[in-house]
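The residues making up each chain are set out below.
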Amino acid sequence: MANFSKKYYFNDKYYNWFYYLCTTKMKKCTSLDGHISTFCFVKRIIWKSNFCINLNKMLDKSEYLHPDKECLSRQEIEALQLERLKATVKHCYTNEVYKKKFAEAGITPDDIKTLDDVRKLPFTTKQDLRDNYPFGLACVPLSKCTRLHSSSGTTGNPTVILHTQKDIDEWANAVARCLHMVGLRPDDVFQNSSGYGMFTGGLGFQLGAERLGALTVPAAAGNSLRQIKFIKDFGTTAIHAVPSYVTRLHEVMVEQGVDPRRDTKLKVLVIGAEPHSEEQRKRIEKMMGVKAYNSFGMSEMCGPGVAFECKEQNGLHFWEDYYIVEIVDPETLEPVPDGEIGELVLTTLNREAMPLLRYRTRDLTRVLGRTCPCGRNHVRLDRMKGRSDDMMVLRGVNIFPIQIEKILMQFKELASNYLITLTTDADNDNMTVEVELEELFTDDYQRLQKLQKDVTRALKDEILLTPHVKLVPKGTLPVSEGKAVRVVDKRTVYQ
Ligand code: AMP
Ligand code: ZN
C-alpha cells in the first residue's frame, strides 16, 4: 500500500473505488453461514481496518510538508534526478576546475543522458576543496553568494562552502521537511542546543525550524543549567543536540532533581552530527522519555537536512530530490550491491553557488531499502558505521569506535561517556577503554572486578583484541560541547 505513487494516494476516484470494493465484499461475506462466515468477516474487518489506516495515512496530506516531493514514486524520483543532474552538470561546466576535470575524464555535459551516466563523472574529494581554497569551486560570481560556511580543518586549509540566497532557502526547506516528518508543527517550541557560527548545525536548524514556523530558541551548546531553565520556562517541546551532549544534559537534570517526563513538555529529540549506535539512541530515549530521531548532514552538502529518520525509525531517508546517493567500494570505487557497506558518495542536485559532483564523504553505510511504510520512497540508509578515516588499525585489526560503543551501552551499570586511548608499550599497540560508571552503581570491589571482566570479554568478542578496561566514576572523563572526541591516539609512529 505504502508504495503507491502519489497519484494514487490522493486520487478520490481510486479511494472511492477501493472503499466500494471493501464494503460490498464485507456485505457478501456476512451473508455466509457458520464459522467460515465469522472467520471471513473478522479477517476482512482486520484487512479493511489496516487498509483504512494505511489509506488514511496516505490521504492525510498533513503528514508531509512537501507531498509533491516526499511522495514521489521511484520512477518519478529518478526522472526528476536526471533532469536536475543534467542541469547541475552543465552548471558545473562553467567552472574552470570542473571543466579541467571533465577534460581529464574525457567527457562533456552532453554525455549525461541517463541517471547511470553519473558514474562517468569524476569524483570530488575534500582535497579538491582544500586545493581550490577558498573560492575555486564557486559556480556563480561571489556577488551572488550570501553565506559562507567552513568546516574546521585540523591540518592544512579548512574547507569553504558558499551559498546563494536560493541555496539557503532550499536548505531551510529541507530541514523544515525533516522536522515536520517527525511530528513538529508551528505550535512547537524548538530549542537548538548545538553550536552556532561556522558549524552548520546551528544556523541550519535555526532556519529550518523558523521555516516550519516553530518558536525557535537559539540556545547554542553548553551551559546545561541555562538549557534546563529554558526547557522549563519556554515549554520546549523539541531539542536538537549532539547525542553525547544529550546524555550530559540528562546528568545535570538528575543532579537538579528535574525529571524530563514530569517537569518538561519535551516530545521529540533530534540527535546527530556524530556517529552513535542504536544502543546509545535507545538509552537516550529511555532517559529522556521521548523519541530521538537521527539527523545526518555535512557542511559540504549544506549541513543538516541531508537525511533524517521518519517516525518508523528504520534508517535515514536521504532526500533524493536534492541528492544522488551512491554507495561505492572505497578501494575500487565501484558501486556495491544494496545491503553491503561502502562509502557514501553524494551529488548535489539543486545547489547554485557550489554544486558538488560525486563527493566522497568518507562515511561508511549501506542501503536498507527504497520504500517505507511512511509512504516515502526516498532511499533509506543505515546509521553511519563511522568514517573511513575514523577507523583504528590496531595490530592489523580494523576497529571502529562505534563497535566499542555498541558493546559498552549494553551494560546498564555503565554510563554513556567513554574514551578510547591508543598507546605503544614495549613495541606493541595497545588500547585502553575508559568508561564511566552509573552513579548509583556499587563500590563493592568484587562486583566491580566482575563487571570489568565481563566488559573486557564482551569487547574482545566484538573487536578480537583484548583492551584494558578502566571503570571510572561518573564525571571523570572530558565532555565536549560539540562533537564528542572518542579516540586519543598516542601511538609512536615508526618510520
Ligand atoms: P560537519 O561537516 O562538520 O558537520 O561533519 C559532517 C560529518 O559528521 C559527516 O560526514 C559524518 O561523518 C558526521 N555525521 C553527521 N551526522 C551524523 C549522524 N547522524 N551519524 C553519524 N555521523 C554523522
Ligand atoms: Zn519512512
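What you see is a predicted model; the values in this text were computed from it and never measured.

K.L.:
An account of the pattern of salt bridges is needed here, citing residue identities and associated values.
P.N.:
A complete count under the given rule lists 30 salt bridges for this structure. Arg177 is paired through a salt bridge with Asp321; the nearest N and O atoms lie 2.7 Å apart. Highlighted residues: Arg177 in helix α8 (residues 165-181) and Asp321 in the loop between β9 (316-318) and β10 (323-328), separated in sequence by 144 residues. For Asp321, a relative accessible area of 3% puts it in the buried group. Look at the salt bridges and you will find they share partners, linking Glu278, Arg281, Glu309 and Arg383 into a network.

K.L.:
I'd like a rundown of the pairing of strand β8 (residues 303-309), residues and numbers included.
P.N.:
The buried fraction of β8 is high, at seven of seven residues. Pairing of strand β7 (residues 291-298) with β8 involves three bridges; the strand directions are antiparallel. Its bridge partner lying in β8, Ser295 is registered against Phe308. What sits between β7 and β8 in their antiparallel hairpin is a turn of four residues, with Cys302 showing a positive phi close to 140°. The sheet contact formed by β8 and β9 spans three bridges and is antiparallel. Looking at the pairing, Glu309 lines up with Leu316 of β9.

Parameters and conventions
Residues numbered from 1 in each chain as written. Chains lettered and ligands numbered in written order. Predicted model: local features only at pLDDT ≥ 70, side-chain atom pairs only at ≥ 80, totals over all residues. Heavy atoms only, no water. Salt bridge = Lys/Arg side-chain N within 4 Å of Asp/Glu carboxyl O. Helix = DSSP H or I, 4+ residues; strand = E, 2+ residues; numbered from the N terminus. Buried < 20%, exposed > 50% of the residue type's maximum accessible area, 1.4 Å probe, protein only. Pairing = 2+ DSSP bridges.

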